[in-house]
Structure formats: structure tokens, C-alpha cells
Amino acid sequence: MGFGGAAPGKERSMSASGAGNPARTGRVLHATLDLLDRQLRDRNGKLCGNVDDLEITRDDETGQMFVSAILCGPGILAYRMGRRRLGRWLEDANRRVHDTPRHHEPFERTRIPIVFAGEIGPMIEVAVDVDDLATHDMERWTLTHIIDHIPGSGSRAHQ
Amino acid sequence: MKKVLGVALGVLTAIGGFVDMGDLVANAATGARFDMNLAWVVVVGVIGIVVYAEMSGRVAALCGRPVFDLVRERLGPRFGLANLLASFFINMLTLTAEIAGVALSLSLVSSVNYLFLIPFVALLVWLVCWRMSFVMMERVFGLLGLCLIVFAVAVWKIGPDWNQLLSGSTHPHVPHSETLFTYAYFGIALFGAAMTPYEVFFFSSGAVEDGWTSKDLGENKINVLVGFPLGGALSLAIMASTHLLLAPRHISVDQLSQVALPVASAVGRLGLAVVIIGIFAATFGAALETSLSAGYVVAQYLGWPWGKRDAPRTATRFHVVIMIAIFGAAVFGLSGIDPVKVTEYSIVLSAAALPLTYFPILVIANDARYVGPDHTNGRFLNAVASVYLIILLLVAIATIPLMIITKGGA
């Protein structure tokens with residue numbers, strides 16, 4: 001697993017034991033194994049992307065590194081894999097489909113502050129709404145532009 | 001009682017769902033060309049799929065994570081992406097083969113050229129993916145697939161010397177007319193047909209769709225331990241039928257209709273009708289499984305909502321990927337490419353791509369944080385699974401060179 005490129009503007013360093021700051025979150029984790037690439041689930045249990053990258057911050061007082069945010073959304077994974085041009089292209093493409101800007105966004109749409117992370121297990125629950133995340137823009141676009149036009153896509157659960 | 005019925009139904013579904021276009025073609029072709037000298041490969045392949053499907057089902061039941069989620073988590077995004085591209089490509093070949101298989105089985109009864117039927121079949125496959133409930137879909141095509149038991153009836157009607165059949169299977173040798181290379185190539189084809197990656201994608205995703213929990217572990221075990229070996233037995237019956245009827249007449253299998261030939265000749269008209277229904281159900285069921293698998297792997301790698309338990313509007317990108325896959329496979333099939341050749345390539349390449357999919361399953365099935373301390377693999381299971389991983393690696397290395405040396409098994 002390589003960390004060839006970090007997201008722009010984010011600290012690049014990522015030690016193998018990039019642990020959470022116990023003082024802030026009370027959890028010490030192996031960031032690469034326990035966080036990266038895990039499935040995210042929003043507060044209603046909806047799947048809302050993977051942990052594409054992590055934002056690591058250094059605590060000024062203690063000098064300790066800790067995970068400050070989960071990064072997810074179009075382009076982030078490409079940046080992490082060192083594909084900057086692809087990442088930028090994906091970001092731009094997503095900006096076009098994101099047609100419903102929200103006024104009271106609690107955070108950037110591709111950055112979930114770590115305090116929003118709940119249970120960290122095989123899935124990571126985040127206390128956000130899927131519609132506030134950039135990972136869901138394309139899903140919504142597909143719904144209104146394609147799926148809704150096909151008969152039988154209805155909300156009726158057909159068990 | 002209801003529980004017993006459910007389990008029985010699950011097992012029957014597993015048997016009927018085991019055989020697909022790949023198994024039909026690979027078993028019939030090897031039976032006609034190599035007699036029973038490759039029967040042991042089917043046994044090896046079935047044990048392999050039993051071991052790994054059980055693990056993937058157990059992981060899915062205990063932590064709700066299907067296989068391709070684990071692939072990205074454990075291989076990392078780079079190898080995960082490589083696996084995604086390879087699996088998706090192979091899955092497209094398989095889907096093309098299955099759709100063509102359905103069209104061919106329909107053309108046998110309608111005398112319409114199968115190419116005309118492909119668009120119709122593709123539409124039907126999509127409609128089922130779009131609307132039919134998961135359980136219903138699994139049951140209908142799994143149970144109809146049981147019609148393939150008529151191959152066993154055919155073998156029994158032919159009334160072979162059972163001792164000879166058994167000793168032919170247990171004392172394998174390379175036939176004089178063949179080389180070691182073609183023998184190995186067809187062995188890999190059989191192995192790939194039994195262990196096709198989409199089976200674990202579908203099986204584990206299906207377990208999540210069915211909402212399996214730790215209570216369903218028993219059902220998982222029974223489905224896999226009883227259903228798959230019986231499905232494998234069905235594969236061997238296909239092999240035996242062509243070995244007994246086609247090999248002595250030097251007929252090689254290069255069309256799907258020839259697969260049905262032994263049944264038609266041994267059981268008669270009714271047998272032919274039943275076997276055509278069986279082939280239709282087996283290929284249609286597999287077309288559904290591969291269509292859904294296309295959606296599963298992409299959605300799970302990228303973390304999208306997926307699944308057909310709820311209406312399509314709850315998993316929109318997943319359904320779009322499925323549509324694209326079915327459309328692409330139909331266009332590929334319409335290009336007039338030989339369906340049997342596509343099938344052969346799809347199973348041989350499957351064998352080459354297997355390690356990347358099976359390795360993460362083995363790792364996670366040993367991780368107590370995913371499956372809990374009581375449900376990790378035992379020592380024996382790990383030993384067997386590791387041996388298989390080594391076999392898979394060797395097969396993966398040998399596949400492409402063998403493909404070139406034998407010119408695709410010619």
C-alpha cells in the first residue's frame with residue numbers, strides 16, 4: 001500500500017503507527033489497518049463511500065501525530081495513489097453534478113472530522129447525513145437523470 | 001419444520017446453481033477428449049470452492065462485509081484496483097458466455113438463430129435484475145437448474161461398466177493423442193470453471209442481501225458442504241456422459257448443442273426437453289449472478305450503496321453498472337464471437353485471477369475483529385486453504401504460457 005501522493009494541502013507524513021491522539025479521541029488505532037479503505041456508513045445506516053485517505057495533524061503541544069479527519073469523495077483516492085491529474089479531473093467532474101449546494105454544511109464535503117466517527121469496526125459509522133457528503137453527489141445525479149426515467153424504479157420494496 | 005424446508009431449499013438451489021456455461025462446456029469437452037482422466041480436477045476444484053465459499057459466507061454473515069470490500073481493505077487500493085479490473089473483465093467474458101448460452105438453449109427449441117435471441121435474452125436478464133426479488137430469483141433458477149440431473153439419468157441409462165468408469169477416474173493418465181500441455185490446459189479450464197471468482201462475489205454479497213447473521217452459519221455450512229459437492233457430482237455426470245457417448249465416436253464438443261447430445265441419445269425426446277430447460281436455467285441463473293457481480297465488485301470497491309433487496313432507486317450507480325455490463329456483453333455476443341471459445345477463455349482466465357480474490361478472504365476469516373474469536377478458521381481449515389492458495393498461485397503462473405503453447409487448447 002503506497003502513499004505516493006497526499007491530498008493537496010494536507011500533511012503528507014503518515015507513519016506506520018499513525019495512531020489517534022488518546023487525549024482527544026481516547027482511541028489508539030493502527031491507522032493503515034483499522035481505518036484506511038474501510039466502508040463508511042452514515043447515521044441512517046446508508047453506505048456512503050470508503051475511507052479514501054486520512055488527514056494527519058501534529059499536536060502543537062505534545063508533538064504527537066493524530067488522525068484529524070477522514071477524507072472521502074471523488075478524486076481523493078486518485079490523489080492518494082499519486083494520480084493528481086485524474087484526481088483533479090474527478091473533482092471537477094463531481095463539482096458539475098453537485099447541483100444542490102447546502103448552506104449549512106457542518107464541514108467540507110470530502111472531509112469528515114474524526115469527532116464524527118462513531119463505532120470503528122469492519123464498518124465505520126459516521127454521524128453525518130449521506131446527502132452532506134460528496135461521495136453521494138453522483139448517486140443522486142444518477143437517480144434524477146437515469147434511474148427515475150426507467151419504469152419500475154419505485155420506492156416500493158419488492159421482497 | 002419451516003427451517004428444515006428453508007435449508008433443504010437452499011441446498012437444492014446451491015446444487016442447481018452450481019453448474020453454469022463454464023462447467024457445461026469444460027466438463028463436456030474434457031469428457032469427449034480426455035475420457036475421465038481429468039475427473040480428479042473437478043474434485044480438487046469443488047473442495048477449493050467449498051473451503052473458500054464457506055469462509056466468504058461466514059465473514060459476510062458475521063460482519064456484513066462481502067468479498068470485494070475485503071479485497072480493497074486487505075490488498076490496498078492499488079492491488080485492489082488491479083483485481084477489480086481483471087475480475088470485471090473476466091466477469092464480462094463470463095456474462096457474454098452465459099447470455100449466449102441462454103440464447104443457444106432457446107434457439108434449440110425455436111430454430112431461430114441464437115444471434116437474434118441475444119438482445120431479447122439480455123433484456124430479460126436486465127428485467128430480472130431490475131425487478132425480481134433476490135430470494136425469488138435464486139430459487140427459481142436454482143431449482144430449475146436441477147433439471148440437469150438428467151445427465152446422471154443419461155449415464156445410468158447408458159449403463160456403463162461402473163468399475164471401469166471409477167478406475168478410469170482414479171487412475172488418470174495423459175491420453176496418447178494428447179500432450180501434457182493440452183492436458184494441463186484443460187485441467188486448468190475445469191479448475192477455473194469450478195472456482196470461478198464470481199461465485200464468491202455473488203455468494204458473499206447474496207449472504208448480505210439475505211441478511212444473514214451468526215444464526216445462519218449452519219445454513220451456510222450445509223449449503224456449501226452439501227450443495228456444492230452435489231453440484232460437482234452433476235459436473236462429473238456431464239463429463240461421464242460425453243466420455244461414454246461422444247469419445248468413442250470421436251466427436252469433440254465445440255457447440256453447446258453437443259453437450260445435450262448424450263442425453264438426447266440415451267434418454268430420448270423427454271430427456272432432451274428436460275436438459276434444454278436445465279441448460280436454460282443454469283445459464284440464465286449464471287447470467288443473473290454475473291450481471292449482479294459486475295455491480296457488486298465496482299460498488300463495493302468504491303463504497304457505493306449496492307444490492308437489490310430494496311428498490312433500484314436506493315442503489316442507483318450499482319444498477320447503472322449492471323445495465324452497462326449487460327449491454328456490453330450483449331454487444332460482444334452479437335459480434336458473432338464463438339460462445340464456446342468465450343466460455344473457455346473466461347474460465348481459464350478466471351483460474352489466473354483467483355489468488356488476488358481468495359487471499360483476502362483467507363486473511364479476514366482469521367481476523368477475530370471481523371468474525372469474532374469463536375469463528376476464526378481452525379488449523380485444519382487454514383492448512384487446506386493455504387495449500388489451495390499455493391495451487392492457485394501455480395495455476396495463475398502457468399495459465400498464460402499454457403494458453404500460448406497450446407494455442408487455446410487446440
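Residues numbered from 1 in each chain as written. Chains lettered and ligands numbered in written order. Predicted model: local features only at pLDDT ≥ 70, side-chain atom pairs only at ≥ 80, totals over all residues. Heavy atoms only, no water.

With respect to the overall build of chain A
Within chain A one finds five helices and seven strands. Seen in sequence order, chain A has helices and strands lined up from the N terminus as α-α-β-β-β-β-α-α-β-β-β-α. Burial status across chain A gives 47% buried among its 159 residues. Long-range contacts, defined as pairs at least 24 residues apart, comprise 56% of the intrachain contacts of chain A with a sequence gap of at least 6. (Helix = DSSP H or I, 4+ residues; strand = E, 2+ residues; numbered from the N terminus. Buried < 20%, exposed > 50% of the residue type's maximum accessible area, 1.4 Å probe, protein only. Contact = heavy atoms within 4.5 Å.)

Focus: the pairing of strand β7 (residues 123-126) of chain A
All names here are of chain A. Note that strand β1 (residues 39-41) and β7 share three bridges and pair parallel. Paired with Leu40 across the two strands is Ile124, which belongs to β7. Where strand β6 (residues 117-120) meets β7, two bridges bridge the pair, whose relative direction is antiparallel. If you follow Ile120 over to β7, its bridge partner there is Ile124. What sits between β6 and β7 in their antiparallel hairpin is a turn of two residues. (Pairing = 2+ DSSP bridges.)

Notes on the interface of chain B and chain A
As a measure of interface size, the accessible area lost when the parts come together is often cited. The interface is formed by 38 residues belonging to chain B together with 36 residues belonging to chain A. Note on chain B versus chain A: buried area summed over both sides is about 3200 Å², and carbon and sulfur give 52% of it. Scanning the region where chain B abuts chain A turns up six salt bridges. If you look at where chain B meets chain A, you find 15 residue pairs in polar contact (both at pLDDT 80 or more). Of all elements in the fold, only α4 (67-110), α5 (114-131), α13 (269-302), α14 (316-334) and α16 (368-371) of chain B reach the threshold of two or more residues within the side of chain B that touches chain A. The element that contributes the greatest number of residues to the side of chain B that touches chain A is α4(B), accounting for eight residues. Taken together, the residues of the side of chain B that touches chain A sort by class into 17 nonpolar, eight polar and 13 charged. (Buried area = accessible area lost by both parts, 1.4 Å probe. Salt bridge = Lys/Arg side-chain N within 4 Å of Asp/Glu carboxyl O. Polar contact = N/O pair within 3.5 Å; in protein donor to acceptor, adjacent residues only side chain to side chain. Nonpolar A, V, L, I, M, F, W, Y, C, P; charged D, E, K, R; others polar.)

Description of the sheet that holds β6(A)
All names here are of chain A. Pairing is mixed in the open sheet, where four strands are placed in the order β2-β1-β7-β6. Of all the strands in the sheet, just β2 (47-50) and β6 have a single pairing partner and so form its edges. With strand direction ignored, the average angle separating the axes of adjacent strands in the sheet is 30°. As defined by bridge partners, β1 adjoins β2 across two bridges and the pair is classed as antiparallel. Counterpart to Gln39 in the pairing with β2 is Asn50. (Axes fitted to C-alpha atoms, helices over the stretch in contact; angles between N-to-C directions.)

Thoughts on the packing of helix α2 (residues 21-34) of chain B against helix α11 (residues 217-245) of chain B
Residues and elements named next belong to chain B. Where α2 meets α11, the closest approach of the two axes is 7 Å, and the angle between their N-to-C directions is 35°. Considering how the two elements wind past one another, α2 and α11 form a crossing that is right-handed. Taking contact as the criterion, the partners of Asp23, Leu24, Asn27, Ala28, Thr30, Gly31 and Ala32 in α2 are, on α11, Ser235, Ile238, Met239, Thr242 and His243. Each residue belonging to the contact of α2 with α11 can be placed in one class, and the counts come to five nonpolar, six polar and one charged. (Left-handed = near helix turned anticlockwise from the far one by under 90°.)

A word on the environment of Ala311(B)
All names here are of chain B. Relative to the helices and strands, Ala311 resides in the loop between α13 and α14. With relative accessibility at 3%, the residue Ala311 sits in the buried group. Ala311 sits 178 residues away from Ser133 along the chain, and the two C-alpha atoms are 9.5 Å apart.

Digging into the pattern of salt bridges
Residue and element names in this part refer to chain A. Scanning the model with the defined rule gives 19 salt bridges over all chains in all. Of the charged contacts in the structure, one is a salt bridge between Asp92 and Arg95, with a shortest N-O distance of 3.2 Å. Here Asp92 pairs with Arg95, and both are found in helix α4 (residues 84-97), just three residues apart, close to one helical turn. Given a relative accessible area of 55%, Arg95 falls into the exposed group.

Section: the sheet that holds strand β5 (residues 111-113) of chain A
Residue and element names in this part refer to chain A. The strand order across the open sheet formed by three strands is β3-β4-β5, and the pairing between neighbours is antiparallel. Two strands in the sheet have a free side with no partner beyond their single neighbour: β3 (53-58) and β5. Adjacent strand axes in the sheet meet at a mean angle of 40° when their direction is disregarded. Pairing between β3 and strand β4 (residues 65-71): six bridges, direction antiparallel. Its bridge partner lying in β4, Leu54 is registered against Ile70.

Section: the side chain of Asp34(A)
Among the secondary structure elements, Asp34(A) is positioned in helix α2 (residues 31-35). At 2.9 Å, the side chain of Asp34(A) and the side chain of Arg369(B) are in polar contact.

Topic: unusual backbone geometry
Residue and element names in this part refer to chain B. The phi dihedral of His250 falls on the positive side, at around 55°, and the residue is not glycine. In this model, Lys407 sits at a positive phi of 50°, which is unusual for a non-glycine residue. When you line up the elements, Lys407 lands in the segment after α17 (379-405).

Focus on the confidence of the model for chain A
Atomic detail in the predicted coordinates should be set aside for any region of low pLDDT. When pLDDT is averaged along chain A, the result is 78, and 74% of the positions lie at 70 or above. In the model, residues 1-23 of chain A has pLDDT below 50 throughout and makes 65 contacts with residues more than four positions away in sequence or in other chains. (pLDDT = per-residue confidence, 0-100.)

Some points on a nonpolar patch on the surface
All names here are of chain B. A contiguous nonpolar patch, built from Met136, Val140, Leu144 and Ile277 and spanning about 310 Å² of accessible area, is present on the exposed surface. Looking at the nonpolar patch element by element, the count peaks at three residues for helix α6 (residues 134-145). Its location among the elements puts Met136 in helix α6. (Patch = residues over 30% accessible without salt bridge, like charges linked within 9 Å, V, L, I, M, F, W, Y side chains within 5 Å. Areas by Shrake-Rupley, 256 points an atom, 1.4 Å probe, with all protein chains shown as cover.)

Regarding the packing of helix α9 (residues 180-195) of chain B against α17(B)
All names here are of chain B. Running from N to C, α9 and α17 cross one another at 130°; their axes reach a closest spacing of 10 Å. Viewed along their axes, α9 and α17 adopt a mutual orientation that is oblique. The handedness of the crossing between α9 and α17 is left-handed. Contacts from Phe181, Ala184, Tyr185, Ile188, Phe191 and Met195 in α9 reach Tyr388, Ile391, Leu392, Val395, Ala398, Thr399, Leu402, Met403 and Ile405 in α17. For the contact of α9 with α17, the class distribution of residues is 14 nonpolar, one polar and no charged. (Parallel < 35°, antiparallel > 145°, perpendicular 65-115°, else oblique.)

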